[in-house]
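Summary of the model geometry
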Amino acid sequence: MAPRRVVQLSLEQPTHAVCVVGVEMVVDVHSDVPKGAKTFGAAGSPGVEVSVLYDPQRVTRPSGKTRWPLDASVDVVVSVDTASKDLDDLTVRVSYFGEHESRALGHATLYLTGVDVSLDVDTDRTGTVRRSRGDKKTWRWGPEGYGAILLVNCDRDSHTSMRPDLASRQLASMADLQDMSPMVLSCNGPDELFDSHKLVLSVPLSDSKRVGVFCSRGGNFLSDYKQVLGPRQLSYKVERQPGEQEVRFYVEGLAFPDADFLGLVSLSVSLVDTGTLPEAPLFTDTVVFRVAPWIMTPSTQPPLDLYVCSVLDDHGSNEKFLDDMSYLALKADCKLIICPWFENRNDRWIQDEMEFGYIEAPHKSFPVVFDSPRERGLKDFPYKKILGPDFGYVTRKSLFSGPSSLDSFGNLDVSPPVTVGGQHYPLGRILVGSSFPEASGRRMAKVVLNFLFAQRVQAPVELYSDWLSVGHVDEFLSFVPTSDKKGFRLLLASPSACLKLFQEKREEGHGEAAQFDGLDNVIKRSINEMLADRTLQSDNLYAQKCIDRNREVLKRELGLTERDIIDLPQLFTQKDSYAEAFFPDMAGTWASPSPTGPSSMVAAAWRRRCGPCWSRWASAASSSTTTCPTTR
């Protein structure tokens, strides 16, 4: 609790002070006392509450007439419950008495002007701003938590702009206000009071580059809204109009949580007395926002959009693949979006280029595409073609090194909701591929990992994927929905299951059945030949060990049992110390690989429906955070 403001009294002339509604103020009854005075009494006019604070160990509460001893352990505290209509229309009178005299030895008068100042946001997370006298300076997680939520204004609502809305100090459109969190300043009091006092809205320097504030002046035109706080403006003198009791503001987030930003920003309003030198703040009210995290959606959610690329390479056109995807989109009741050749520059790997997620607050949510550091033919597609009205964009690029294969977003996945040792993850956990913790192999870029860990609500798990040539987790795992209580199964690639299946088929008389039959430029191999290939057997013994290592991590970090895992037959082959899929692999189990072979795998990206309730992330138990290994 902030220390109470102290007002000193005078026996020679009345004292004048401003008292903020609901805020206690100490009246100093000790500094100017009549000679011989031993006790005092204090009374207030209607609308003023006068109370006495004392130490019961040192002071005995008086009986009868309320005369208190002039003891250092006794303080007078006053407060007002409503704003004044006129200056000095509230009064506190203090009378001083001798030890036995009934007549007062002197009087001190305090004239008060009540003013109602309060800065309020959606602390209760209901979607509307309500007046609050509670704790607005802290933000708390959990079902019983509180604190306002801020969206990063990373979409582009204006069709004429080339940049996200957060990059402009001008309001892009009236629709842009819906992406911002409302904030209301109550400022009720006599107009004359504001001739000698001002209201100042401010943001700390450390938060100024992460939050922007627009002020509404009551009109319905873009010019009626101006940015008053942001990266280049730390304070704003509120332009209160005569008789105005509320000023409305709209707050936008400018940055996502990251390694150097926990996601909390604060804004304050101060009532400042301009009649003193230096100017003195009489009262400050502060509110805190948490920037909503970027949240990934798992593959078990219903699809909304399916993104694919039209390409033309040495194998010809992938028109058959596009036809298959069109049929799949129709069956899935989602929209098919084809990126043409002249936009993808013959880069078919759209799932590697981008990952879809969303941000959500009580009043608004919208999807946000996360653009990978990958610099290939599709590098401009997310920014130029997906960023738009109510569709945000975020990216992280390494400034000091080029991207590796592990920076592609085929190496980024998220589980469905899981419970691990009593800890519930209602939005699942992010999965990324990496090297052995003790090894110096390839890892996802530090800037990307830092970003993912900083979102907090989907505590990432690092898996071992550096054994693969491409190094992506989607080459050996995927999740599928089920209708039982668990709601999903983990699919894991299994060389052992594949070799066992081939042995069974050989025993059934199908040993001459060939893989890759009908494909051009691929050597056909029978089951008998593959089972007799000792190099292939050795390669897959190693691959199985790598997958088993991940299996144990997934069971431990996602709270899974063997009943939650389905082994899918899959073979790998070693090339230059790294493994490659021997035939279309895990990615193909959800991307419907084209008959043209492995080159069409992972050529699709899904945007899926987000969670049904915004409060799932704010209510997540996040008191125990996961530390990003790159920042330890």
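Higher on the page you've got the structure.
Throughout what follows, the structure given in this document is the object of discussion. This is a predicted model, so every value here is computed, not measured.

Remarks on the sheet that holds strand 7 (residues 74–80)
Read across the open sheet, the four strands follow the order 1-3-7-5; overall the sheet is mixed. Edge positions in the open sheet fall to strand 1 (5–8) and strand 5 (48–54), since each of these has one partner strand only. The average angle at which neighbouring strand axes cross in this sheet is 35°, direction not considered. Across seven bridges, the pairing between strand 5 and strand 7 is antiparallel. In the sheet register, Tyr54 faces strand 7, and the bridge partner there is Val74.

So, unusual backbone geometry
Residue Pro278 follows Leu277 across a cis peptide bond; omega there is -5°. Within the chain, Asp88 stands out as a residue other than glycine whose phi angle is a positive 55°. Within the secondary structure, Asp88 sits in the loop between strand 7 and strand 8 (90–97). By relative accessible area, which is 29% here, Asp88 ends up partly exposed. The backbone of Asp576 shows a phi angle near 55°, a positive value even though the residue is not glycine. The topology assignment puts Asp576 in the loop between strand 37 (572–575) and strand 38 (578–581).

Brief notes about the sheet that holds strand 26 (residues 392–395)
Strand order in the open sheet formed by four strands is 19-24-25-26, with mixed pairing between adjacent strands. The outermost strands of the open sheet, each flanked by one partner alone, are strand 19 (295–296) and strand 26. In this sheet, strand 24 (residues 354–361) lies alongside strand 19 in antiparallel orientation, the contact comprising two bridges. Across the sheet, the residue bridging to Ile295 is Tyr358, located in strand 24.

Digging into the packing of aromatic side chains
Applying the stated criterion across every chain, the model contains 18 aromatic pairs. Judged by centre distance (6.4 Å) and plane angle (75°), the rings of Tyr307 and Phe381 are edge-to-face. Taken together, the residues span a long stretch of sequence, with Tyr307 in strand 20 (residues 303–309) and Phe381 in helix 5 (residues 381–386) at a distance of 74 residues. With respect to class, Tyr307 is no different from Phe381; both count as buried. Consider the rings of Phe436 and Tyr464, whose centres lie 4.0 Å apart with planes at 25°: the pair is stacked. Of the two residues, Phe436 is situated in the loop between strand 30 (430–434) and helix 6 (446–454) and Tyr464 in strand 31 (residues 461–464); the sequence distance between them amounts to 28 residues. Looking at Arg125, its charged tip hangs above the ring of Trp139, at a distance of 4.1 Å from the centre. For Arg442, the ring lying beneath its charged end belongs to Tyr578, and the centroid distance is 4.5 Å.

A closer look at the side chain of Arg156
Looking at the element boundaries, Arg156 is found in the loop between strand 10 (148–150) and strand 11 (181–188). Asp165 provides the closest opposite charge to the buried, salt-bridge-free Arg156, at an N-O distance of 6.9 Å. Of the polar contacts made by the side chain of Arg156, one reaches the backbone oxygen of Leu387; its length is 3.0 Å. With residues near it in sequence (within four places) discarded, Arg156 still touches Ser161, Met162, Arg163, Pro164, Asp165, Tyr383, Lys384, Leu387, Gly388, Pro389 and Phe391.

Reading the values: the criteria
- Residues numbered from 1 in each chain as written.
- Predicted model: local features only at pLDDT ≥ 70, side-chain atom pairs only at ≥ 80, totals over all residues.
- Heavy atoms only, no water.
- Pairing = 2+ DSSP bridges.
- Helix = DSSP H or I, 4+ residues; strand = E, 2+ residues; numbered from the N terminus.
- Axes fitted to C-alpha atoms, helices over the stretch in contact; angles between N-to-C directions.
- Buried < 20%, exposed > 50% of the residue type's maximum accessible area, 1.4 Å probe, protein only.
- Phe/Tyr/Trp six-rings, centres within 6.5 Å; stacked < 30°, edge-to-face > 60°.
- Lys NZ or Arg CZ within 6 Å of the ring centre and 35° of its normal.
- Lys, Arg positive; Asp, Glu negative; His and termini not counted.
- Salt bridge = Lys/Arg side-chain N within 4 Å of Asp/Glu carboxyl O.
- Polar contact = N/O pair within 3.5 Å; in protein donor to acceptor, adjacent residues only side chain to side chain.
- Contact = heavy atoms within 4.5 Å.

From the geometry alone we can't say anything about function, so treat these as descriptive.
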